[in-house]
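The lines below spell out each chain.
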Amino acid sequence: MPYVLGIDIGSTNTAAAVARLHGTTWTRPEAVPLHVDSTVVPSVLCLSEDGSLHVGEPATDDGSRTTRDFVHRIGDDVPLLLGGEACAPQTLTAELAAWVVERVHALEGGPAEAIVLSHPAGWRPYRREVLHQALSGFGLRNVTLLPRTVTVAESHAARGFAGSTAVVYALGGNSFEAALVRRTPRGTYETFGTPQGLDSLGGADFDEALAEHTRTALARELAASARRGTQAALRGLRAECDRVKRVLTVDLTADVVLALPNGPARIPVTRAQFEEMIRPTVQVTVDLLLRAMRSANLTPEQLDGVLLAGGSTRVPLVTELISAALPVPVEVEPDSQLTAATGAAMAACQVVSPRARRNPPVRDAAPVSGNGRATLPAPRRPHHDTTVPGDPPPRPPVRVLPLDLPKPSRLALARSRGREG
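Summary of the structure given here. (Residues numbered from 1 in each chain as written. Predicted model: local features only at pLDDT ≥ 70, side-chain atom pairs only at ≥ 80, totals over all residues. Heavy atoms only, no water.)

**Overview of the pattern of salt bridges**
This model, assessed by the stated rule, comprises 17 salt bridges. Taking the shortest distance from any N to any O, the salt bridge between Lys-245 and Asp-207 comes out at 3.2 Å. One end of the pair, Lys-245, is in helix 7 (residues 237-247); the other, Asp-207, is in helix 4 (residues 203-217), with 38 residues separating them in the sequence. A relative accessible area of 6% places Lys-245 in the buried class. A relative accessible area of 8% places Asp-207 in the buried class. Across the pair Glu-276 and Arg-279 runs a salt bridge whose closest N-O atoms are separated by 3.2 Å. In this pair, Glu-276 and Arg-279 both sit in helix 8 (residues 271-295), three residues apart, roughly one turn of the helix. (Salt bridge = Lys/Arg side-chain N within 4 Å of Asp/Glu carboxyl O. Helix = DSSP H or I, 4+ residues; strand = E, 2+ residues; numbered from the N terminus. Buried < 20%, exposed > 50% of the residue type's maximum accessible area, 1.4 Å probe, protein only.)

**A word on helix 9 (residues 316-325)**
Those residues of helix 9 that sit buried are Leu-317, Val-318, Leu-321 and Ile-322. One side of helix 9 holds all its buried residues, which, seen down the axis, span an arc of 130 degrees. Summarising the contacts, the buried residues of helix 9 are in contact with strand 13 (165-171), helix 8, strand 18 (305-309) and strand 19 (330-331). (Arc of directions from axis to C-beta. Contact = heavy atoms within 4.5 Å.)

**Some words on the environment of Leu-260**
Here Leu-260 lies in strand 16 (residues 253-260). Spatially, the C-alpha atom of Leu-260 lies 8.2 Å from that of Leu-234, the residues being 26 residues apart in sequence.

**Some details on the environment of Thr-339**
Positionally, Thr-339 belongs in helix 10 (residues 339-352). For the pair Thr-339 and Val-152, spaced 187 residues apart in sequence, the C-alpha to C-alpha distance is 5.8 Å. Non-local contacts of Thr-339, meaning those with residues more than four positions away in its chain, are made with Thr-151, Val-152, Ser-155, His-156, Leu-308, Ala-309 and Glu-333. Side chain to side chain, Thr-339 and Glu-333 meet in a polar contact 3.2 Å long. (Polar contact = N/O pair within 3.5 Å; in protein donor to acceptor, adjacent residues only side chain to side chain.)

**Some points on the pairing of strand 13**
Burial runs high along strand 13: seven of the seven residues are buried. Pairing geometry for strand 13 and strand 14 (residues 176-183), over seven bridges, is antiparallel. Pairing of Val-168 across the sheet is with Ala-179, part of strand 14. The loop that links strand 13 with its antiparallel partner strand 14 comprises four residues. Sheet topology note: the strand 13/strand 18 ladder contains five bridges and is parallel. (Pairing = 2+ DSSP bridges.)

**A short note on the sheet that holds strand 18**
Strand order across the open sheet formed by five strands is 15-14-13-18-19, with mixed pairing between neighbours. In this open sheet, the two strands that pair with only one neighbour each are strand 15 (189-198) and strand 19. Taken together, the two bridges between strand 18 and strand 19 define a ladder with parallel strand orientation. Looking across to strand 19, one finds that Leu-307 is bridged to Glu-331.

**Some details on the packing of helix 4 against helix 7**
The interhelical angle for the contact between helix 4 and helix 7, taken along N-to-C directions, is 110 degrees, at an axis separation of 8 Å. With respect to each other, helix 4 and helix 7 are oriented roughly perpendicular. Residues Gly-203, Ala-204, Phe-206, Asp-207, Glu-208, Leu-210, Ala-211, Thr-214 and Arg-215 of helix 4 form the contact with helix 7, whose own contacting residues are Leu-237, Arg-238, Cys-241, Asp-242, Val-244 and Lys-245. Tallied by class, the residues present in the contact of helix 4 with helix 7 amount to seven nonpolar, two polar and six charged. (Axes fitted to C-alpha atoms, helices over the stretch in contact; angles between N-to-C directions. Parallel < 35°, antiparallel > 145°, perpendicular 65-115°, else oblique. Nonpolar A, V, L, I, M, F, W, Y, C, P; charged D, E, K, R; others polar.)

**Focus on the nonpolar core**
Core analysis: the biggest nonpolar cluster contains 43 residues, and Tyr-169, Phe-274, Ile-278, Val-282, Leu-289, Leu-303 and Val-306 have the highest contact counts within it. It is helix 8 that provides the largest number of residues to this core, a total of seven residues. When sequence neighbours within four positions are dropped, the list of residues in contact with Leu-303 reads Thr-165, Ala-166, Val-167, Leu-180, Met-293, Leu-298, Leu-326 and Val-328. Counting residues in hydrophobic clusters, the runner-up holds 39 residues, among them Ile-9, Leu-92, Leu-96 and Ala-98. (Core = buried A, V, L, I, M, F, W, Y, C linked by side-chain atoms within 4.5 Å.)

**Quick look at the side chain of Arg-271**
Structurally, Arg-271 can be placed in helix 8. Among buried Asp, Glu, Lys and Arg side chains, Arg-271 stands out as unpaired, with Glu-275 the closest opposite charge at 4.7 Å. A polar contact is formed between the side chain of Arg-271 and the backbone oxygen of Leu-248, at a distance of 2.9 Å. Ignoring any residue separated from it by four or fewer positions in sequence, one finds Arg-271 in contact with Leu-248, Thr-249, Val-250, Asp-251, Leu-252 and Pro-316. (Lys, Arg positive; Asp, Glu negative; His and termini not counted.)

**Digging into helix 2 (residues 125-137)**
Relative to the 18 Å expected for 13 residues at 1.5 Å per residue, helix 2 spans 19 Å between its end C-alpha atoms, a close match to the ideal helical length. Turning to helix 2, its buried residues number three or more, namely Pro-125, Tyr-126, Arg-128, Val-130, Leu-131, His-132, Ala-134 and Leu-135. Looking at the packing, one finds that the buried side of helix 2 touches helix 1 (89-108), strand 11 (115-119) and strand 12 (143-147). (Expected span 1.5 Å × (residues − 1).)

**Regarding the pairing of strand 1 (residues 3-9)**
With seven of its seven residues buried, strand 1 lies for the most part within the structure. Neither face of strand 1 is exposed, since Tyr-3, Leu-5, Ile-7 and Ile-9 on one face and Val-4, Gly-6 and Asp-8 on the opposite face are all buried. For strand 1 and strand 2 (residues 13-22), the ladder comprises seven bridges, and the chain directions are antiparallel. By the bridge assignment, Asp-8 is partnered in strand 2 with Ala-15. From the end of strand 1 to the start of strand 2, which pair antiparallel, there are three residues. In terms of strand pairing, strand 1 meets strand 11 through three bridges, oriented parallel. For Gly-6, the partnering residue across the bridge sits in strand 11 and is Val-116.

Put into structure tokens, the structure is as follows:
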């Protein structure tokens, strides 16, 4: 069955979604199981001793052969080191994108009709162009790049968001961005104003706040058992705090459970306690959201809603502080870490069938507003070959040696896609 593919490579996780052509209509996008037990896979690349490249968290602690959070380095003159080899961040990103395409190809039994890949809203033409060049190097020559704010809005529109002007609030594991979107006379989405964001703020800060609370509560016990392998037990603390964070989005209390050498330790945490720990961090994101609005001289009365994306936006305090600052609807999808990927798949439908969007025939989709959903222009690179007014000239090409992997590497990567998610 013909299908299109949407990909979102985030700072922490990568997600993908496909929409299939059923007759003359596109089905609602569905998440692709990129990992054996999850719809997302960590945005991590690991180089093994034999030169094969694998996706996901490494089995060992050899940091010299592991790289992560490379998307935000795209356009940087300084390459990353992986196994002692210099590698441009865009090459690593293209490698991960190619892995996703290969995995979906295997699951669907053929190539996608179109591929849309999201990127941070603040990117200028130079960064988009170097990523396009890297993707072409892996045979992905017809990938459409769209700002994450546009794909997030696309996903919310498919679920019935009827407004024409909104602010997108995307909170990832290690990054945050906020930007304004609006419908154009053609029915397309565009960003306006000045996007705001931080590459060092995200849901991982919530996990660390819980981890610090746990270490403080267990200070005496940890000191007493320091010689009996406590450090090994603490390696799993961040993962446990991530689990507790998710529990506290629906429950009022949860226990941080830590397996110490002298027995399990339980630290009870209430939602109120957790929210006080993370309130300063969340407030910073709300302040950036308001700054994005001020950049376009937009008042709350001109705003139709706030559209959330990212797993940590399920934390109730996020909606609470945004609602206190802006008296407009705040919308979050059931699985918000997939919002950008599903929106990218919706956008890919338009790359194949641009005319259909005027009366969008999305099969099994949620109710759609009478004004119709956002559309995308006819297939072309959006904003990649021209400089946006006000942008500085594109940066000149930088001679960065890509990671020259041994020939078996790509084959090993393809063979391992079923095992390693």
